[in-house]
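The chain contents come next:
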Amino acid sequence: QVQLVESGGGLVQAGGSLRLSCAASGRIFSITAMGWYRQALGKQRELVAVITSGGTTTYADSVKGRFTISRDNAKNTVYLQMNSLKPEDTAVYYCNAFGVVTTTPIPRDYWGQGTQVTVSS
């Protein structure tokens, strides 16, 4: 069984920074990509950033230049450094592991439980 455990959310003033972490545990052989999504109250879940096992990154336009995603493949851990935070970044942030290969032959996707990020103005 694969589990994703997130940490690092909290309350911060506008202009501040936070760093989110997400560690995947279990009998994992490989993970194609790991990423972060967020869901604000009353809105749909949206992509924030994703990074492949090869290090290719993709960012939502709204966070480019402010957020940085990184990954430690050996630890199956993904990080999201969030700088210059704005009130509109307030949301529950979810970690996602895409294409996880374990002892079963078919890759699966997994989600973390979510961590709240609140940015005050």
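Above this text sits the structure in question.
Below you will find a few notes about this structure. (Residues numbered from 1 in each chain as written. Predicted model: local features only at pLDDT ≥ 70, side-chain atom pairs only at ≥ 80, totals over all residues. Heavy atoms only, no water.)

Concerning the sheet that holds strand E7 (residues 67-72)
Consideration 1: A sheet is described by the order of its strands in space; here four strands give the open sequence E1-E3-E8-E7, paired in antiparallel fashion. With one partner strand each, in any of the chains shown, strand E1 (3-7) and E7 form the two edges of the open sheet. Taking each pair of neighbouring strands and ignoring which way they run, the sheet shows an average axis angle of 15°.
Consideration 2: Relative to strand E3 (residues 18-25), E1 runs antiparallel, the two sharing five bridges. Note on E3: the bridge partner recorded for Val5 is Ala23. (Pairing = 2+ DSSP bridges. Helix = DSSP H or I, 4+ residues; strand = E, 2+ residues; numbered from the N terminus. Axes fitted to C-alpha atoms, helices over the stretch in contact; angles between N-to-C directions.)

Comments concerning the state of the cysteines
Consideration 1: Applying the stated rule across the entire model yields one disulfide.
Consideration 2: Here Cys22 pairs with Cys95 through a disulfide, and the sulfurs are 2.1 Å apart. Around the S-S axis, the bridge from Cys22 to Cys95 shows a dihedral of about -80° and counts as left-handed. Of this pair, Cys22 sits in strand E3 while Cys95 sits in strand E9 (residues 91-101); the two residues are 73 residues apart in sequence, bridging distant segments of the chain. (Disulfide = S-S within 2.5 Å.)

Some remarks on the nonpolar core
Consideration 1: Residues Trp36, Leu80, Met82 and Tyr93 are the most contacted members of the largest nonpolar core, which totals 31 residues.
Consideration 2: Those elements giving two or more residues to this core turn out to be E3, strand E4 (30-39), strand E5 (46-52), E7, strand E8 (77-82), E9 and strand E11 (115-120).
Consideration 3: Here this core takes five residues from E9, the largest share from any one element.
Consideration 4: Apart from the residues within four sequence positions on either side, Met82 is in contact with Gly16, Ser17, Leu18, Leu20, Arg66, Phe67, Tyr93 and Val117. (Core = buried A, V, L, I, M, F, W, Y, C linked by side-chain atoms within 4.5 Å. Buried < 20%, exposed > 50% of the residue type's maximum accessible area, 1.4 Å probe, protein only. Contact = heavy atoms within 4.5 Å.)

A look at the pattern of salt bridges
Consideration 1: The full count for this structure, using the stated rule, is four salt bridges.
Consideration 2: Measuring nitrogen to oxygen at the nearest pair gives 2.7 Å for the salt bridge that ties Glu46 to Arg38.
Consideration 3: Classification of Glu46 as partly exposed rests on a relative accessible area of 36%.
Consideration 4: Taking relative accessible area as the criterion, Arg38 reaches 6% and is therefore assigned buried.
Consideration 5: A salt bridge links Asp61 to Lys64; its shortest N-O distance comes to 3.1 Å.
Consideration 6: Counted as one network, the salt bridges with shared partners bring together Arg38, Glu46, Arg66 and Asp89. (Salt bridge = Lys/Arg side-chain N within 4 Å of Asp/Glu carboxyl O.)

Notes on unusual backbone geometry
Consideration 1: The backbone of Asn76 shows a phi angle near 50°, a positive value even though the residue is not glycine.
Consideration 2: Structurally, Asn76 can be placed in the loop between E7 and E8.
Consideration 3: Classification of Asn76 as buried rests on a relative accessible area of 16%.
Consideration 4: At Ser84, a position not held by glycine, the phi torsion is positive, near 50°.
Consideration 5: Its location among the elements puts Ser84 in the loop between E8 and E9.
Consideration 6: Using a relative accessible area of 42% as the deciding quantity, one classes Ser84 as partly exposed.

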